[in-house]
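# Close look at the chain arrangement
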Amino acid sequence: MKVSYKWLKDYVGFDLSPQALGDVLTMLGLSMEGLDDQIKGKEKIVIGKITTIEKHPDADRLRVCQVDIGTEVLQIITAATNVNEGDVIPLALNGAILPDGTKIKKNKMRGVVSNGMMCSANELELDIESLPEEQQVGVMVLPAELPLGEIALKALGYDDFVLDLEVTSNRPDWLSMIGVAREIAAYANQSLKLPGLKVEEKGVQIEDLANVTVHDTEGCPRYMARVIKNVQIKPSPDWMKQRLEAVGIRSINNIVDITNYVMLEWGQPLHAFDYDKVAGHEIHVRRAKAGEEIVTLDESTRPLTEEMLVIADHEKAIAVAGVMGGLHSEVTDETTHIILESANFNGTSVRLTAQKLGFRTEASNRFEKGLDPNGVDKALNRAAQLMAQLGGGEVAEGFIDQYASPVSPWHLTLDPQRVNLLLGTQFSTAQMVELLNRFELETVEKEGVLEITVPTFRSDVLREADLVEEIARLYGYDKLPTTLLQSRGAQGSLGKELTLAEKASALMRSNGFSEAMTYSFISPKDYDKLDLPMGEVVKISNPLSEDQSVMRTTLISGILDGVARNVNRRNFDVKLFESAFVYLPEGREDGLPHERRTLAAAITGHADGAIWQEKPREVDFFDLKGTVESLLDAFGVKAISYCEKADHPTFHPGRTAEVWGGKKRLGILGEVHPRVLKNMGISQRVYLFELDMEAIILQADLTIRYQALPKHPDMVRDMAMMVDDTVEAARIEQIIRQTGGKLLEDVKLFDIYQGQQIPEGKKSMAYSLVYRSLEKTLTDDEVNKVHNKITKRLAREFGAEMR
């Protein structure tokens, strides 16, 4: 936003240079991005008075003028025909540089010396269209009372400094001269001098002249209007033109200029309609109709959609609300009566409308950021006041105010101790009250707590942190003490779930596995490759491609894809694992997917540990099972058991098992089905497990227990039996341990045999049983008693025949 240095002084007294003011505003949050000195580079264009004019002795079209600049009289050659003796003009002295880069220097024209050049308005970079017609062409003839020798732009009032400020989106109040002046007043601890808003009303009541209906109060929370009759359309006074031009707005006429001036002053956009061109003298704030169009002030035909808010009369749309007025109802030289609009429009609605129409305006830029509805009346009355003063208008009695849901100031509380804690300061409560009140945040102390009333123009102050920021801004960020972060000696640590997840990954790496990381988004076709029904999955609403359109419910696809990549690149011995989440659509009350921590691993190729004299051994199911057992043992999971799993389509039937911890299923392990391997493009056997880490973590017991070394010797007995080949080894071990009781220290299966001397459908199994008592040395009779009890139980349960 461009801000006039001279204009600011109307509202607050300050003694700061333009650069120093910019520095102050930057520290307050209004970063100055540029500073424009209007007379910089034009100091050598001064006011001069033509005292005599003579014909050039050797050129019919040139004239020799003597020009008084106060300190001396200079001879100037000119071809201009619109100047006469006694005229006051701008004169470029030797050394002056014109806007086009031309450097003025002393020279001879047909043998006669010229010491400068008379200037036009264009060479002073003035807005030609805003000047009187006689000043638009030729040398610019100025008022006779201007001081001779003075810098021309300074004498004309164009000696301002313009600050280009960056306004953040949460501070729409800064999009006004008064808003910026309010910041300066707070900094300088001075009172803000607001313009008087006394409106002299006369004539007919406004209710008899116009009517306003707001059909969409959400899109237009407040709409105010006044009627000004018998206005005179004419150029604006120089002071207003100069202020508008300084900030980049071209002067049009007094009425339009007033609406722009007040918008810059108060930050509230206004619009003036030609009263006689508003059908029925009715204003309707409504959404556009399907197929409706409007010709805007820039003479462009704009197609409207039903989402756009418009200002309409009895017949048609006459303005796009908050964006631009319509050409049909614009103020022209023939206008005599005005309907003056000051309204508050929904910022989102205005932004979307401007975006769809493809252009933004000074008005839409302000509405988009969310303006204060309680500033509507101030801007309306200020504009009506100026129209009466500068346009000779008569303001009708009363005004129209459609304000369905008035916005009131809100209240916040602030703990002074909290302020000092956050800022590292030692402010007293009285200091905090004083700083906040300077920002017009009405603050009182009650029982050690600050109670703040926030004015409605401060939509950015909504919580405690915003109040602390205001104190810091006004005190000065550069004055806040610099302190290092203090350590309280606390040490961070991972929770149980993350600790065990990392422990599992470390164990896998120590077992020779490489860690893989695969995408959480997979293709529905991946389930087909695994021979798995996809079932319920979490679908991505805006997938990058079909290959990443659902969230995985298993890690198997990613692990097998990693194996395939390695094998296809002739890396045949692969050990991969991944610890990550799968995403299940059910299980949460908020409807979000349940992220379940899972561990999956695959092995293929030759086993580790082969030496050069031996033929490498291919990995098998028991290599994989050993990894699972070491993992569960490290986690302290008790009551581990395995049962055959023949119906999982991804795994080979008869070579697959589920692992259980007590009555809780912990996962699955086995050989991958040949059909799945073919789908994945893998030409060798692969063994894979997938474990539910959440279930394992719930059963994990990392307590370390110590016991004394045994004082008494053990006794080892071997047991060989023949059972049906359908009997599971795990079930036999379970019966042995249950029956052996406290004296049985350990059981190990060391042989399984099927072949000669073993009937078909049978198998021989040999176990080593270790007996020990912690209290005494066992005798043969004591061991035999327990051992015989075990054999009888096995015979009874499984029909086991001891060998």
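One can find the structure itself at the top, above this paragraph.
Fair warning: this is a prediction, and the values are worked out from it, not measured in the lab.

What follows concerns the sheet that holds strand E30 (residues 550-551). The strand order E28-E30-E29 describes an open sheet built from three strands, whose pairing is antiparallel. Two strands bound the open sheet, and with one partner strand each, they are strand E28 (521-522) and strand E29 (538-539). Relative to E30, E29 runs antiparallel, the two being bridged by two bridges. The residue bridging Lys539 from the neighbouring strand is Val550, located in E30.

With that settled, consider the side chain of Asp466. Here Asp466 lies in helix H12 (residues 464-475). Accessibility expressed as a relative area gives 11% for Asp466, which makes it buried. Of the polar contacts made by the side chain of Asp466, one reaches the backbone nitrogen of Leu462; its length is 2.8 Å. With residues near it in sequence (within four places) discarded, Asp466 still touches Asp460 and Val461.

The subject of this paragraph is the packing of aromatic side chains. For the structure on display, the rule yields seven aromatic pairs. Plain terms: the ring middles of Tyr5 and Phe161 are 5.9 Å apart, the flat faces sit at 80° to each other, and that makes the pair edge-to-face. One end of the pair, Tyr5, is in helix H1 (residues 5-8); the other, Phe161, is in strand E10 (residues 161-166), with 156 residues separating them in the sequence. Centre to centre, the rings of Trp7 and Tyr261 are 4.6 Å apart; their planes meet at 20°, and the pair counts as stacked. Linking Trp7 in helix H1 with Tyr261 in helix H6 (residues 254-266), this pair joins segments that are 254 residues apart in sequence. Here Trp7 matches Tyr261 in class, with each residue buried. Joined through ring pairs, the aromatic side chains of Tyr5, Phe14 and Phe161 make up one cluster. Above the ring of Phe14, the side-chain terminus of Lys9 is found at 5.2 Å from the ring centroid. One Lys or Arg, Arg182, reaches over the ring of Phe457 and ends 4.0 Å from the middle of that ring.

Following the sequence through the fold, Arg665 ends up in strand E35 (residues 664-672). In this structure Arg665 comes out as partly exposed when scored by relative accessible area, which is 34%. Put simply, Arg665 and Ser523 are 142 residues apart on the chain and 27 Å apart in space, counted from C-alpha to C-alpha. When near neighbours in sequence (up to four residues on either side) are disregarded, Arg665 contacts Glu658, Val659, Trp660 and Ala695. A polar contact of 3.0 Å, which involves the side chain of Arg665, links it to the side chain of Glu658.

Reading the values: rules and limits
- Residues numbered from 1 in each chain as written.
- Predicted model: local features only at pLDDT ≥ 70, side-chain atom pairs only at ≥ 80, totals over all residues.
- Heavy atoms only, no water.
- Pairing = 2+ DSSP bridges.
- Helix = DSSP H or I, 4+ residues; strand = E, 2+ residues; numbered from the N terminus.
- Buried < 20%, exposed > 50% of the residue type's maximum accessible area, 1.4 Å probe, protein only.
- Polar contact = N/O pair within 3.5 Å; in protein donor to acceptor, adjacent residues only side chain to side chain.
- Contact = heavy atoms within 4.5 Å.
- Phe/Tyr/Trp six-rings, centres within 6.5 Å; stacked < 30°, edge-to-face > 60°.
- Lys NZ or Arg CZ within 6 Å of the ring centre and 35° of its normal.

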